[in-house]
Amino acid sequence: MQQEKRLEEFKKSVTNKFNIYNSLFLNLPYRDIENVGILIPILMDQCEKGLSLGKKPQEILDAFFKNFTGITDEKERLDFMFKIIQYVERQVVLYDSVEDSAFPKLQKYTNSMSIRDYFKLVNENKNWDKIAKKLSTFSARIVLTAHPTQFYTPAILDIISELRVLIDEDKVNEIDIKLQQLGLTSLVNRKKPTPLDEAKNIIYILRHTYYNAVGELFNYVKRNIQEEDFDNYDIIKLGFWPGGDRDGNPFVTAKITMQVADELRTTLMKCYYNELKDLRRKLTFKPLQDPLMELSEALYRAMFDFNYIIGHEEILAKLMEIREVLTSDFYGLYSSELDTLINKVRIFKSHFATLDIRQDHSKHLLAVESILRSKGAIKESVDELTEEQLVEWLLEKEITLNPSDFDEEIVQDTITNIKQLAQIQLKNGEDGCNRYIISNSEDIFSVLFVFGLFRWSGWKKEDITFDIVPLFETMKGMEASESVMQTLFDTPIYRDHLARRKDTHTIMLGFSDGTKDGGYLKANWSILKTKETLSKVCKKNGIKALFFDGRGGPPARGGGKTHRFYASQTKDVANHEIQLTIQGQTITSTYGTKEQFIHNAEQLLTAGLSNNLFGKEHVISSDQRKLIEELSELSFNKYDALKQHEKFIPYLENRSTLKYYTKANIGSRPGKRGNKKQLELSDLRAISFVGSWSQLKQNVPGYFGMGTAIQTLKEEGRLKEVKKLYREVPFFRALMHNSMMSLAKTNFDLTSYMKEDAEFGEFWQVLFDEYELSKKVLLEISGYSILMEDEAVSRESVMIREQIVLPLLVIQQNALFHISKNSEFRELYEKIVTRSLYGNINASRNSA
């Protein structure tokens, strides 16, 4: 019933409104593109009909141009296609705005548990003591990243925000003007953004959305928890990777890191200043004027002077002084507004978001070897030392480093950056930058190299105020993780470091590269088992384990229904804090408005909190584990065979948009690690890997192998076992639902012309057969008649978005075909492919 009401509201507030405003938009006269808009619905219809009849993209477009435009010249057709792409991009923006506007209305009919629902349930179960204790320490850390799938500029974000309000109020004339502005505003970066540009774009969202959203959510919890002295200001924490994440991005330097840290702090000071400015209009009482003015002037200076530092303790002291006078002399008038600011200062302190540092283990190896060569400890490689000797150098031997003593830029910058981290902590506070993450961790030296580099760069070991976080992201890394962590815990100097870090260890697990490496089911199952194992290892050693999940937007990169994933974790996984990355366009699509942020942050909190408080704890029995293991290996074998197929990499290179990701001015980071001429899967970024399958509408990493695995058991007469597993194990069910989402966004009709391709026809057929099989068996085990049957609104949204971008995708495939035939207009076709990436990325909302 609830789903039916929600779907009814969706059709009224989203589908109908979009159709009305879209018709208005398509009839607007833009410079040099008259009559293009009115032809887009015709092209969409021709694409749908043509693909369903098995026509090739080039045949569909040829017929469209011949029958509806009269354009015969290929160059003119290319110009027209560029204009269509521009329109479609803006249709996506319009649809985003309409859907965002409807979000609060749709939430009235959701089955998701809000904090309000959660507290009501706690009340009914008389569980306040237990929940108050859990809430006093529990938190969700949302870490924002700058991966190259987010490109809306602040100008476009402003238009979306303004459209959202206008649509909500049905102000047609103002919407008309705003749509004209949208039509004339560029959606594309004129040049590739720098890491600082990326950081500023996301800091813009911090300032205009998250600052108030986090404060509002905290205030609600504090008001309703029935605990007067509730002071868990870390209940929602923000993390930040742009400017700190240098893994595979040579453009992130020590200078950039410092600039981003300054930008975070000064932007926060602007937020405090503006809120204080509003308060001053209310706090007009004479005894308060001097302290208000002093604080205001200090904040104003801190907004613009990077070298002027006002710590959060100083801000708090002044605000508490004001509050005391307000309470004693002026009846506490406006004290709730003042408390809101005080709470925000306690939450954000002087850093706004914690700037994480991340680098690949191989770069630390390069730095360590360069340093040890310069000290005469080795001639070439650390392999010349025994493990004990290398550990002694890293943990005990004193070295003094000067960055200019080394030739390699990466070594110079690594040392410079580690040296300056103390200055960042001095300016932004320790919480402003206190985590160093190591990608591709597979042994103890991933952690100990960083510990050694800190020591050698001037940090005394007892003063290292950083958590050193291994990122286990490959199958090999996850298999080694138990031994790695136990060895670290057995290392006295490192164990002393952990004691100074409150006997807590953060461990990061990477969903993206894990899926690329092991396939969807095996990667996710391996991550759950790794979490269970590491939870036991940490507990045995008296260490509190915190898991940090490197999750992307789509299911293939750990995304999908995130709250469902956390709610399905087993009782054997340490559950002190939820930490996850929010990547690419997911930042604006899932956490883009205050309402969306609060809703999704609540979902994280309730998923983590309810895990062990209500009902039975999630336990996967030994028989169920054996079955998941069996399915995992069967699906991996199928996926691994695909990876080993001789056409796997060539197909991506020559029949997908893979190579065009780096040409698009979306992100600052290169699309692959290293500079090898021959492309290898290990060098390929998970983002461009998953994104390329998404652009093809094949979404292979989100389900491939699942069909074969389930079908194998079905042929053995064991389908009932899989159905039972789906019913009884929330973790397995959550994975299957996410795979169904990947399948729902798949459209093999778009590339069916490839089955006749002399080089890639057979490979395309392998992909198509597994898609068909996966869809068939997932519907069987779920009992659904259609994919995403229990998510009617999400299904409807996916369908509309896929319709909007269909002309764009047909144009993209047509361009890839002409490129493969070495067209004389190859350069223009390549530009079309690059430009077509944008609209599809944003329409999918979680494509990469």
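Throughout what follows, the structure given in this document is the object of discussion. Here the structure is a predicted model, which means the values were calculated and not measured.

**Topic: helix α5 (residues 115-124)**
Line of reasoning, step 1. Residues of α5 that are buried include every one of I115, Y118, F119 and V122, and no others. Seen end-on, α5 carries its buried residues on one side only, within an arc spanning 95°. For α5, exposure combined with an orientation more than 90 degrees from the buried face picks out R116, K120 and E124.
Line of reasoning, step 2. If you follow the buried residues of α5, they end up packed against α6 (128-135), α9 (195-224) and α24 (594-610).

**Considerations on the sheet that holds strand β2 (residues 236-240)**
Line of reasoning, step 1. If you walk across this open sheet you meet the 9 strands as β3-β2-β1-β9-β8-β7-β6-β5-β4, and the pairing is parallel. Of all the strands in the sheet, the pair left with one neighbour each is β3 (354-355) and β4 (357-360).

**Some remarks on the packing of helix α29 (residues 719-728) against helix α30 (residues 730-744)**
Line of reasoning, step 1. One can describe the packing of α29 onto α30 by two numbers: an axis separation of 6 Å at closest approach and a directional angle of 100°. Judged by the angle between their axes, α29 and α30 are roughly perpendicular. For the pair α29 and α30, the contacting residues are V722, L725, Y726, R727 and E728 in the first and P730, F732, R733, M736, H737 and M740 in the second.
Line of reasoning, step 2. A per-class count over the contact of α29 with α30 returns 7 nonpolar, 1 polar and 3 charged.

**Concerning the packing of aromatic side chains**
Line of reasoning, step 1. The full count for this structure, using the stated rule, is 39 aromatic pairs.
Line of reasoning, step 2. Taking the centre distance of 5.8 Å and the plane angle of 90° together, the rings of W459 and F466 count as edge-to-face. For the pair W459 and F466, one class covers both residues: buried.
Line of reasoning, step 3. The interplanar angle of 70° and the centroid separation of 5.8 Å between the aromatic rings of Y591 and F597 together place this pair among those described as edge-to-face.
Line of reasoning, step 4. Residue classification places Y591 among the buried positions, given a relative accessible area of 3%.
Line of reasoning, step 5. Pairwise contacts between aromatic rings join F648, Y651, F689, W693, F760 and F763 into one cluster.
Line of reasoning, step 6. Its guanidinium or amino end placed over the ring of F548, R435 lies 4.6 Å from that ring's centre, counting from NZ or CZ.
Line of reasoning, step 7. The positively charged end of K647 is found above the aromatic ring belonging to F760, 5.8 Å away from the centroid.

Here is what the cut-offs are and how they apply
- Residues numbered from 1 in each chain as written.
- Predicted model: local features only at pLDDT ≥ 70, side-chain atom pairs only at ≥ 80, totals over all residues.
- Heavy atoms only, no water.
- Buried < 20%, exposed > 50% of the residue type's maximum accessible area, 1.4 Å probe, protein only.
- Helix = DSSP H or I, 4+ residues; strand = E, 2+ residues; numbered from the N terminus.
- Arc of directions from axis to C-beta.
- Contact = heavy atoms within 4.5 Å.
- Pairing = 2+ DSSP bridges.
- Axes fitted to C-alpha atoms, helices over the stretch in contact; angles between N-to-C directions.
- Parallel < 35°, antiparallel > 145°, perpendicular 65-115°, else oblique.
- Nonpolar A, V, L, I, M, F, W, Y, C, P; charged D, E, K, R; others polar.
- Phe/Tyr/Trp six-rings, centres within 6.5 Å; stacked < 30°, edge-to-face > 60°.
- Lys NZ or Arg CZ within 6 Å of the ring centre and 35° of its normal.

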